[in-house]
Amino acid sequence: MSDLPRLFICLDCEGPITQNDNAFEMAEAFIPHGGGFFARVSRYDDFLADVLKRPGYKAGDTLRLILPFFKAFGLTNQEIRRFSRKTLRLLPGACEFLAWAKERYPTFIISTSYRPYLDALCEACSFPPENVFCTEVDLDSQGLSEEERRILEELAQEIAAMPLLDWPEGAKGPDDLEPEMRQVFERLDEIFFSLLPRLSVGRLLKEVNPVGGQEKARATEEAAQRVGLPLSSAIYVGDSITDAPALEEVRRAGGLSVSFNGNRYALRAAEVAVVAYDVRVIALMVEIYRQRGRQALRGLRRDSALLSLLPPEIQSGLDKPFEIYEVREEDLPRLIEISENARKAVRGVAIGALG
(Lines give C-alpha, C1' and ligand atoms only; values in the text may rest on other atoms or scores of the structure.)
Protein backbone atom coordinates (compact mmCIF):
# COMPACT_ATOMS: atom_id res chain seq x y z
CA MET A 1 0.00 0.00 0.00
CA SER A 2 3.04 2.30 0.07
CA ASP A 3 2.20 3.66 -3.41
CA LEU A 4 -1.12 5.10 -2.24
CA PRO A 5 -1.23 8.88 -1.68
CA ARG A 6 -1.40 9.82 1.97
CA LEU A 7 -5.05 10.26 2.86
CA PHE A 8 -7.00 9.36 5.96
CA ILE A 9 -10.74 8.76 6.34
CA CYS A 10 -13.01 9.82 9.21
CA LEU A 11 -16.60 8.54 9.26
CA ASP A 12 -19.60 9.20 11.40
CA CYS A 13 -21.29 5.95 12.41
CA GLU A 14 -25.06 6.42 12.49
CA GLY A 15 -26.04 7.40 8.95
CA PRO A 16 -22.96 6.63 6.85
CA ILE A 17 -22.43 3.13 8.35
CA THR A 18 -25.52 2.10 10.31
CA GLN A 19 -29.24 2.74 10.04
CA ASN A 20 -29.74 3.10 13.77
CA ASP A 21 -30.12 6.00 16.08
CA ASN A 22 -29.12 3.93 19.09
CA ALA A 23 -30.12 6.44 21.77
CA PHE A 24 -33.49 7.14 20.12
CA GLU A 25 -34.19 3.42 19.87
CA MET A 26 -33.29 2.84 23.52
CA ALA A 27 -35.59 5.69 24.52
CA GLU A 28 -38.41 4.08 22.52
CA ALA A 29 -37.73 0.69 24.10
CA PHE A 30 -37.32 1.69 27.75
CA ILE A 31 -39.18 4.98 28.31
CA PRO A 32 -42.98 5.27 27.92
CA HIS A 33 -43.64 7.38 24.80
CA GLY A 34 -39.86 7.43 24.50
CA GLY A 35 -39.76 8.28 20.80
CA GLY A 36 -41.66 11.50 21.42
CA PHE A 37 -39.58 12.20 24.51
CA PHE A 38 -36.31 11.81 22.58
CA ALA A 39 -37.53 13.88 19.60
CA ARG A 40 -38.37 16.79 21.90
CA VAL A 41 -35.04 16.70 23.71
CA SER A 42 -33.22 16.41 20.36
CA ARG A 43 -35.08 19.42 18.97
CA TYR A 44 -34.21 21.41 22.09
CA ASP A 45 -30.58 20.35 21.54
CA ASP A 46 -30.73 21.70 17.97
CA PHE A 47 -32.04 25.04 19.24
CA LEU A 48 -29.34 25.39 21.90
CA ALA A 49 -26.51 24.42 19.55
CA ASP A 50 -27.52 25.92 16.21
CA VAL A 51 -29.71 28.90 17.09
CA LEU A 52 -28.83 30.05 20.59
CA LYS A 53 -25.20 28.86 20.35
CA ARG A 54 -25.11 28.64 24.12
CA PRO A 55 -21.53 28.76 25.46
CA GLY A 56 -20.40 25.37 26.73
CA TYR A 57 -23.16 23.54 24.86
CA LYS A 58 -22.63 21.55 21.65
CA ALA A 59 -24.70 19.58 19.18
CA GLY A 60 -25.13 16.01 20.39
CA ASP A 61 -25.40 16.85 24.08
CA THR A 62 -28.82 15.21 23.86
CA LEU A 63 -26.93 12.02 24.79
CA ARG A 64 -25.89 13.68 28.04
CA LEU A 65 -29.29 15.17 28.85
CA ILE A 66 -31.16 11.88 28.55
CA LEU A 67 -28.85 9.80 30.74
CA PRO A 68 -30.65 10.47 34.08
CA PHE A 69 -33.86 9.27 32.42
CA PHE A 70 -32.20 6.10 31.12
CA LYS A 71 -31.03 5.44 34.69
CA ALA A 72 -34.54 6.03 36.05
CA PHE A 73 -36.08 3.53 33.64
CA GLY A 74 -33.69 0.73 34.49
CA LEU A 75 -30.94 0.87 31.91
CA THR A 76 -27.55 -0.53 32.98
CA ASN A 77 -24.21 -0.87 31.24
CA GLN A 78 -24.98 -4.51 30.48
CA GLU A 79 -28.43 -3.67 29.13
CA ILE A 80 -26.99 -1.03 26.77
CA ARG A 81 -24.50 -3.61 25.46
CA ARG A 82 -27.19 -6.26 25.03
CA PHE A 83 -29.62 -3.87 23.33
CA SER A 84 -26.93 -2.47 21.00
CA ARG A 85 -25.84 -5.93 19.81
CA LYS A 86 -29.43 -7.06 19.32
CA THR A 87 -30.61 -4.01 17.36
CA LEU A 88 -27.51 -3.12 15.29
CA ARG A 89 -28.59 -2.51 11.68
CA LEU A 90 -25.85 -1.96 9.12
CA LEU A 91 -26.29 -0.14 5.83
CA PRO A 92 -25.74 -2.40 2.83
CA GLY A 93 -22.01 -2.82 2.18
CA ALA A 94 -20.93 -1.36 5.54
CA CYS A 95 -18.56 -4.15 6.61
CA GLU A 96 -17.22 -4.60 3.08
CA PHE A 97 -16.47 -0.88 2.85
CA LEU A 98 -14.80 -0.74 6.28
CA ALA A 99 -12.64 -3.75 5.41
CA TRP A 100 -11.63 -2.10 2.12
CA ALA A 101 -10.93 1.28 3.74
CA LYS A 102 -8.85 0.09 6.68
CA GLU A 103 -6.62 -1.99 4.37
CA ARG A 104 -5.78 1.04 2.22
CA TYR A 105 -6.00 4.13 4.39
CA PRO A 106 -5.90 5.06 8.06
CA THR A 107 -9.62 4.94 8.86
CA PHE A 108 -11.41 6.25 11.95
CA ILE A 109 -15.00 6.25 13.17
CA ILE A 110 -16.00 9.41 15.03
CA SER A 111 -19.41 9.00 16.64
CA THR A 112 -21.59 10.72 19.23
CA SER A 113 -23.07 7.32 20.10
CA TYR A 114 -22.31 5.48 23.33
CA ARG A 115 -19.28 3.16 23.52
CA PRO A 116 -21.30 -0.11 23.83
CA TYR A 117 -22.98 0.58 20.48
CA LEU A 118 -19.63 1.20 18.79
CA ASP A 119 -18.28 -1.97 20.39
CA ALA A 120 -21.16 -3.87 18.76
CA LEU A 121 -20.27 -2.37 15.38
CA CYS A 122 -16.57 -3.18 15.80
CA GLU A 123 -17.43 -6.79 16.65
CA ALA A 124 -19.76 -7.12 13.65
CA CYS A 125 -17.30 -5.65 11.13
CA SER A 126 -13.93 -6.56 12.71
CA PHE A 127 -13.05 -2.88 12.96
CA PRO A 128 -10.29 -1.88 15.43
CA PRO A 129 -11.83 -0.26 18.56
CA GLU A 130 -8.69 1.83 19.01
CA ASN A 131 -9.66 3.71 15.83
CA VAL A 132 -13.02 4.78 17.31
CA PHE A 133 -13.84 8.07 19.03
CA CYS A 134 -17.22 7.98 20.81
CA THR A 135 -19.11 8.87 24.00
CA GLU A 136 -17.94 7.04 27.11
CA VAL A 137 -20.69 6.31 29.64
CA ASP A 138 -21.02 4.37 32.89
CA LEU A 139 -24.57 4.22 34.24
CA ASP A 140 -23.66 1.64 36.89
CA SER A 141 -21.44 4.10 38.75
CA GLN A 142 -24.44 6.30 39.62
CA GLY A 143 -26.98 5.47 42.32
CA LEU A 144 -30.62 6.56 42.25
CA SER A 145 -33.13 6.96 45.06
CA GLU A 146 -36.78 6.03 44.65
CA GLU A 147 -37.74 9.68 45.10
CA GLU A 148 -35.46 10.76 42.25
CA ARG A 149 -36.75 7.91 40.11
CA ARG A 150 -40.32 9.14 40.62
CA ILE A 151 -39.33 12.73 39.74
CA LEU A 152 -37.60 11.62 36.55
CA GLU A 153 -40.52 9.41 35.48
CA GLU A 154 -42.90 12.36 35.87
CA LEU A 155 -40.57 14.70 33.98
CA ALA A 156 -40.21 12.21 31.12
CA GLN A 157 -43.98 12.03 30.83
CA GLU A 158 -44.22 15.84 30.85
CA ILE A 159 -41.57 16.25 28.15
CA ALA A 160 -43.13 13.62 25.89
CA ALA A 161 -46.45 15.51 26.02
CA MET A 162 -44.95 18.89 25.08
CA PRO A 163 -45.33 20.42 21.62
CA LEU A 164 -42.24 19.92 19.47
CA LEU A 165 -40.08 23.05 19.74
CA ASP A 166 -40.19 25.08 16.52
CA TRP A 167 -38.75 28.41 15.45
CA PRO A 168 -38.87 30.72 12.41
CA GLU A 169 -36.08 30.89 9.86
CA GLY A 170 -33.44 33.34 11.02
CA ALA A 171 -34.30 33.05 14.73
CA LYS A 172 -31.45 34.04 17.06
CA GLY A 173 -32.88 33.25 20.47
CA PRO A 174 -35.96 32.82 22.70
CA ASP A 175 -37.25 36.33 21.90
CA ASP A 176 -37.87 35.18 18.31
CA LEU A 177 -40.14 32.30 19.37
CA GLU A 178 -43.91 32.29 19.33
CA PRO A 179 -45.36 32.53 22.89
CA GLU A 180 -46.19 28.81 23.13
CA MET A 181 -42.76 27.81 21.84
CA ARG A 182 -41.02 30.20 24.23
CA GLN A 183 -42.92 28.59 27.09
CA VAL A 184 -41.74 25.13 25.93
CA PHE A 185 -38.15 26.35 25.68
CA GLU A 186 -38.20 27.94 29.13
CA ARG A 187 -39.65 24.81 30.74
CA LEU A 188 -37.04 22.56 29.09
CA ASP A 189 -34.33 24.97 30.21
CA GLU A 190 -35.66 24.79 33.75
CA ILE A 191 -35.73 20.97 33.69
CA PHE A 192 -32.25 20.42 32.26
CA PHE A 193 -30.33 23.35 33.74
CA SER A 194 -32.06 23.89 37.08
CA LEU A 195 -34.01 20.82 38.27
CA LEU A 196 -31.79 17.94 37.11
CA PRO A 197 -28.47 19.40 38.32
CA ARG A 198 -29.93 19.51 41.84
CA LEU A 199 -30.53 15.74 41.84
CA SER A 200 -27.72 13.33 42.74
CA VAL A 201 -28.20 11.64 39.34
CA GLY A 202 -27.51 15.03 37.78
CA ARG A 203 -23.83 14.13 38.19
CA LEU A 204 -24.16 12.33 34.86
CA LEU A 205 -24.80 15.70 33.20
CA LYS A 206 -21.42 16.96 34.42
CA GLU A 207 -19.31 13.83 33.91
CA VAL A 208 -20.36 12.62 30.45
CA ASN A 209 -18.98 14.54 27.47
CA PRO A 210 -20.63 13.43 24.21
CA VAL A 211 -18.41 13.35 21.11
CA GLY A 212 -20.52 15.73 19.06
CA GLY A 213 -20.10 19.14 17.49
CA GLN A 214 -16.70 20.62 18.29
CA GLU A 215 -15.62 17.36 19.94
CA LYS A 216 -15.86 15.67 16.52
CA ALA A 217 -13.64 18.39 15.06
CA ARG A 218 -11.13 17.79 17.87
CA ALA A 219 -11.26 14.04 17.28
CA THR A 220 -10.51 14.62 13.58
CA GLU A 221 -7.50 16.72 14.55
CA GLU A 222 -6.34 13.97 16.93
CA ALA A 223 -6.70 11.38 14.15
CA ALA A 224 -4.56 13.61 11.88
CA GLN A 225 -1.89 13.89 14.56
CA ARG A 226 -1.95 10.14 15.16
CA VAL A 227 -1.19 9.36 11.51
CA GLY A 228 1.13 12.33 11.01
CA LEU A 229 -0.91 14.03 8.30
CA PRO A 230 -2.40 17.53 7.90
CA LEU A 231 -6.16 18.09 7.89
CA SER A 232 -5.88 18.78 4.17
CA SER A 233 -5.36 15.01 3.80
CA ALA A 234 -8.65 14.21 5.55
CA ILE A 235 -11.84 12.86 4.02
CA TYR A 236 -14.65 13.38 6.54
CA VAL A 237 -18.05 11.76 5.96
CA GLY A 238 -21.01 12.79 8.14
CA ASP A 239 -24.75 13.31 8.02
CA SER A 240 -26.04 15.49 10.86
CA ILE A 241 -25.68 18.57 13.04
CA THR A 242 -23.09 16.82 15.22
CA ASP A 243 -20.78 16.54 12.17
CA ALA A 244 -21.05 20.15 11.02
CA PRO A 245 -17.97 21.54 12.86
CA ALA A 246 -15.74 18.69 11.64
CA LEU A 247 -17.07 19.04 8.09
CA GLU A 248 -16.44 22.78 8.18
CA GLU A 249 -12.93 22.41 9.61
CA VAL A 250 -11.86 19.80 7.06
CA ARG A 251 -13.31 21.90 4.25
CA ARG A 252 -11.43 25.02 5.40
CA ALA A 253 -8.20 23.01 5.60
CA GLY A 254 -8.55 21.84 1.99
CA GLY A 255 -9.62 18.27 2.73
CA LEU A 256 -12.80 16.66 1.39
CA SER A 257 -15.97 17.13 3.47
CA VAL A 258 -18.83 14.81 2.49
CA SER A 259 -22.49 14.75 3.46
CA PHE A 260 -23.84 11.18 3.16
CA ASN A 261 -27.65 11.25 3.03
CA GLY A 262 -27.21 14.28 5.24
CA ASN A 263 -29.72 16.68 6.72
CA ARG A 264 -29.63 20.45 6.24
CA TYR A 265 -27.00 20.95 8.94
CA ALA A 266 -24.52 18.57 7.31
CA LEU A 267 -25.22 19.84 3.81
CA ARG A 268 -24.54 23.44 4.73
CA ALA A 269 -21.12 22.43 6.05
CA ALA A 270 -20.07 19.97 3.32
CA GLU A 271 -18.40 20.37 -0.05
CA VAL A 272 -19.86 17.22 -1.60
CA ALA A 273 -23.28 15.59 -1.09
CA VAL A 274 -23.72 11.84 -1.59
CA VAL A 275 -27.20 10.37 -1.90
CA ALA A 276 -26.97 6.58 -1.85
CA TYR A 277 -28.39 3.34 -0.49
CA ASP A 278 -25.11 1.41 -0.20
CA VAL A 279 -22.02 2.50 1.75
CA ARG A 280 -19.66 1.20 -0.93
CA VAL A 281 -20.23 4.28 -3.05
CA ILE A 282 -17.87 6.03 -0.61
CA ALA A 283 -15.07 3.74 -1.83
CA LEU A 284 -15.71 4.84 -5.42
CA MET A 285 -15.72 8.47 -4.34
CA VAL A 286 -12.43 8.07 -2.42
CA GLU A 287 -10.67 6.45 -5.39
CA ILE A 288 -11.91 9.04 -7.89
CA TYR A 289 -10.81 11.82 -5.53
CA ARG A 290 -7.41 10.18 -5.00
CA GLN A 291 -6.67 9.54 -8.68
CA ARG A 292 -8.47 12.35 -10.48
CA GLY A 293 -9.10 15.11 -7.94
CA ARG A 294 -12.19 16.75 -6.52
CA GLN A 295 -13.38 18.13 -9.88
CA ALA A 296 -14.00 14.57 -11.10
CA LEU A 297 -16.56 14.01 -8.32
CA ARG A 298 -19.07 16.48 -9.73
CA GLY A 299 -22.10 14.70 -11.10
CA LEU A 300 -20.37 11.30 -10.81
CA ARG A 301 -22.47 8.37 -12.04
CA ARG A 302 -21.94 4.65 -12.42
CA ASP A 303 -19.26 4.08 -15.08
CA SER A 304 -17.59 0.77 -15.97
CA ALA A 305 -14.19 2.43 -16.39
CA LEU A 306 -14.43 3.97 -12.96
CA LEU A 307 -15.67 0.76 -11.35
CA SER A 308 -12.56 -1.02 -12.60
CA LEU A 309 -10.67 0.92 -9.93
CA LEU A 310 -12.41 -1.17 -7.26
CA PRO A 311 -12.32 -4.84 -6.18
CA PRO A 312 -15.35 -7.07 -6.95
CA GLU A 313 -16.71 -6.98 -3.38
CA ILE A 314 -17.00 -3.18 -3.67
CA GLN A 315 -18.24 -3.12 -7.28
CA SER A 316 -21.12 -5.41 -6.37
CA GLY A 317 -22.60 -2.75 -4.09
CA LEU A 318 -22.82 -0.09 -6.79
CA ASP A 319 -25.78 -1.52 -8.68
CA LYS A 320 -28.13 0.58 -6.55
CA PRO A 321 -28.72 4.17 -7.71
CA PHE A 322 -26.54 6.92 -6.28
CA GLU A 323 -25.83 10.58 -6.94
CA ILE A 324 -22.88 12.79 -6.01
CA TYR A 325 -23.37 16.56 -6.02
CA GLU A 326 -21.20 19.59 -5.50
CA VAL A 327 -22.81 21.60 -2.69
CA ARG A 328 -23.48 25.12 -3.90
CA GLU A 329 -25.44 27.77 -2.03
CA GLU A 330 -27.91 28.29 -4.86
CA ASP A 331 -28.68 24.55 -4.99
CA LEU A 332 -29.12 24.02 -1.24
CA PRO A 333 -32.94 24.00 -1.10
CA ARG A 334 -33.11 21.31 -3.80
CA LEU A 335 -30.24 19.29 -2.31
CA ILE A 336 -31.77 19.41 1.18
CA GLU A 337 -35.03 18.01 -0.18
CA ILE A 338 -33.29 15.24 -2.16
CA SER A 339 -30.89 14.28 0.62
CA GLU A 340 -33.38 14.41 3.50
CA ASN A 341 -35.85 12.29 1.53
CA ALA A 342 -33.12 9.68 0.97
CA ARG A 343 -32.15 9.91 4.64
CA LYS A 344 -35.72 9.06 5.69
CA ALA A 345 -35.99 6.28 3.09
CA VAL A 346 -32.78 4.65 4.34
CA ARG A 347 -33.17 5.15 8.10
CA GLY A 348 -36.92 5.58 8.59
CA VAL A 349 -38.99 8.72 8.96
CA ALA A 350 -38.68 9.08 12.75
CA ILE A 351 -34.88 8.75 12.83
CA GLY A 352 -34.40 10.62 9.54
CA ALA A 353 -36.22 13.66 10.94
CA LEU A 354 -33.83 14.03 13.88
CA GLY A 355 -31.12 16.71 13.77
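Everything numeric here is computed off the predicted structure, so don't read it as measured data.

Colleague: Looking at this structure, I do not really get the domain arrangement of the protein chain. What am I missing?
Modeller: Splitting the protein chain by domain gives domain 1 (8-20 + 90-136 + 211-353) and domain 2 (22-83 + 138-207). Taking the mean C-alpha position of each, domain 1 and domain 2 sit 28 Å from one another. Surface buried jointly by domain 1 and domain 2 totals about 1,400 Å² across both partners, of which 65% is contributed by carbon and sulfur atoms. In this structure, the connection of domain 1 to domain 2 is made through four residue pairs in polar contact (both at pLDDT 80 or more). Secondary structure elements with two or more residues in the side of domain 1 that touches domain 2: β2 (107-114), α7 (115-125), α13 (264-269) and α18 (349-352). Split by residue class, the side of domain 1 that touches domain 2 holds seven nonpolar, six polar and three charged.

Colleague: What is the right way to look at the state of the cysteines in this model?
Modeller: What makes a disulfide is a covalent bond joining the sulfur atoms belonging to two cysteines. Counted under the stated rule, the structure contains one disulfide. Paired by a disulfide, Cys 95 and Cys 125 hold their sulfur atoms 2.0 Å apart. Across the S-S bond of Cys 95 and Cys 125 the torsion is about -70 degrees, and the bridge reads as left-handed. With Cys 95 in helix α6 (residues 94-104) and Cys 125 in helix α7, the pair connects residues that are 30 residues apart, well separated along the chain. Given a relative accessible area of 21%, Cys 95 falls into the partly exposed group. Note on Cys 125: relative accessible area 7%, which makes it buried.

Colleague: Can you help me understand the environment of Phe 38 in this one?
Modeller: Considering the arrangement of structural elements, one finds Phe 38 in helix α2 (residues 34-52). Expressed as a C-alpha distance, the spacing of Phe 38 and Ala 160, which sit 122 residues apart in the sequence, is 7.8 Å. Look past the residues within four positions of Phe 38 in its chain and what remains in contact with it is Asp 21, Ala 23, Phe 24, Ala 27, Thr 62, Ile 66 and Leu 354.

Colleague: What exactly am I supposed to notice about the packing of aromatic side chains here?
Modeller: The relative placement of two aromatic rings is captured by the distance of their centres and the angle of their planes. According to the stated counting rule, one finds twelve aromatic pairs in the structure shown. Centroid distance Phe 69 to Phe 192: 6.2 Å. Interplanar angle 65 degrees. Geometry classified as edge-to-face. With Phe 69 in helix α4 (residues 67-72) and Phe 192 in helix α9 (residues 179-195), this residue pair connects regions lying 123 residues apart in the sequence. Exposure remark for Phe 69: the relative accessible area of 0% places this residue in the buried category. Where Phe 108 meets Phe 133, the ring centres are 6.2 Å apart and the plane angle is 45 degrees; that geometry is what we call tilted. Residue Phe 108 is located in strand β2, and its partner Phe 133 is located in strand β3 (residues 132-135); the two are separated by 25 residues in the primary sequence. Given a relative accessible area of 1%, Phe 108 falls into the buried group.

Colleague: How do you make sense of the layout of surface pockets when you look at a structure like this?
Modeller: Where empty space is left in the structure can be found by rolling a water-sized probe over the atoms. Approximately 1,000 Å³ is the volume attributed to the largest pocket. Lining of the largest pocket is provided by 41 residues; of these, Asp 46, Asp 50, Trp 167, Ile 241 and Tyr 265 occupy positions nearest its centre. Of the residues forming the lining of the largest pocket, the biggest block, nine residues, is contributed by α2. Tallied by class, residues from the lining of the largest pocket come to 19 nonpolar, eight polar and 14 charged. Split by domain, the residues of the lining of the largest pocket number at least three in each of domain 1 (8-20 + 90-136 + 211-353) and domain 2 (22-83 + 138-207).

Colleague: Sorry, what's going on with the pairing of strand β5 (residues 256-260) here?
Modeller: The two faces of the sheet receive side chains in turn, since in a regular strand these alternate between them. Among the five residues that make up β5, five are buried, leaving the element largely enclosed by the rest of the structure. Neither face of β5 is exposed, since Leu 256, Val 258 and Phe 260 on one face and Ser 257 and Ser 259 on the opposite face are all buried. Summarising the sheet, strand β4 (residues 234-238) and β5 pair through four bridges and their orientation is parallel. When the bridges of β5 are listed, Gly 238 appears paired with Ser 259. In this fold, β4 hands off to helix α12 (residues 244-253), which returns the chain to β5; that crossover is right-handed. Taken together, the three bridges between β5 and strand β6 (residues 272-276) define a ladder with parallel strand orientation. Residue pairing for β6: Val 258 is matched across the bridge by Val 272. In terms of handedness, the path from β5 via α13 over to β6 forms a crossover that is right-handed.

Colleague: Looking at this structure, how should I read the environment of Pro 128?
Modeller: Tracing the backbone through its elements, the reader meets Pro 128 in the loop between α7 and β3. Residues Pro 128 and Ile 109 lie 19 residues apart in sequence; the distance between their C-alpha atoms is 9.7 Å. When residues no more than four places from it in sequence are discounted, the contact partners of Pro 128 are Lys 102 and Cys 122.

Colleague: Would you mind going over α9 with me for this structure?
Modeller: An α-helical turn contains 3.6 residues, so a residue and the one three or four places further along point in the same direction. Its 17 residues give α9 an end-to-end C-alpha distance of 22 Å, which sits within 8% of 24 Å, the value for a rise of 1.5 Å per residue. Buried residues of α9: Met 181, Val 184, Phe 185, Leu 188, Asp 189, Ile 191 and Phe 192, and no others. For α9, the angular spread of the buried residues around the axis is 165 degrees, confining them to a single face. Exposed and facing more than 90 degrees away from the buried side of α9 are Pro 179 and Gln 183. In this fold, the buried residues of α9 make contact with α2, α3 (62-65), α4, α8 (146-160) and α10 (203-207).

The rules we used
Residues numbered from 1 in each chain as written. Predicted model: local features only at pLDDT ≥ 70, side-chain atom pairs only at ≥ 80, totals over all residues. Heavy atoms only, no water. Domains from an automatic or database assignment. Buried area = accessible area lost by both parts, 1.4 Å probe. Polar contact = N/O pair within 3.5 Å; in protein donor to acceptor, adjacent residues only side chain to side chain. Helix = DSSP H or I, 4+ residues; strand = E, 2+ residues; numbered from the N terminus. Nonpolar A, V, L, I, M, F, W, Y, C, P; charged D, E, K, R; others polar. Disulfide = S-S within 2.5 Å. Buried < 20%, exposed > 50% of the residue type's maximum accessible area, 1.4 Å probe, protein only. Contact = heavy atoms within 4.5 Å. Phe/Tyr/Trp six-rings, centres within 6.5 Å; stacked < 30°, edge-to-face > 60°. 1 Å grid on protein atoms, 1.4 Å probe; cavity = no way out; pocket = protein on both sides within 12 Å on 5 of 7 lines; lining within 4 Å. Points joined across faces, edges and corners; volume = space filled by probe spheres on them. Pairing = 2+ DSSP bridges. Right-handed = clockwise from strand over helix to strand, strands pointing away. Expected span 1.5 Å × (residues − 1). Arc of directions from axis to C-beta.

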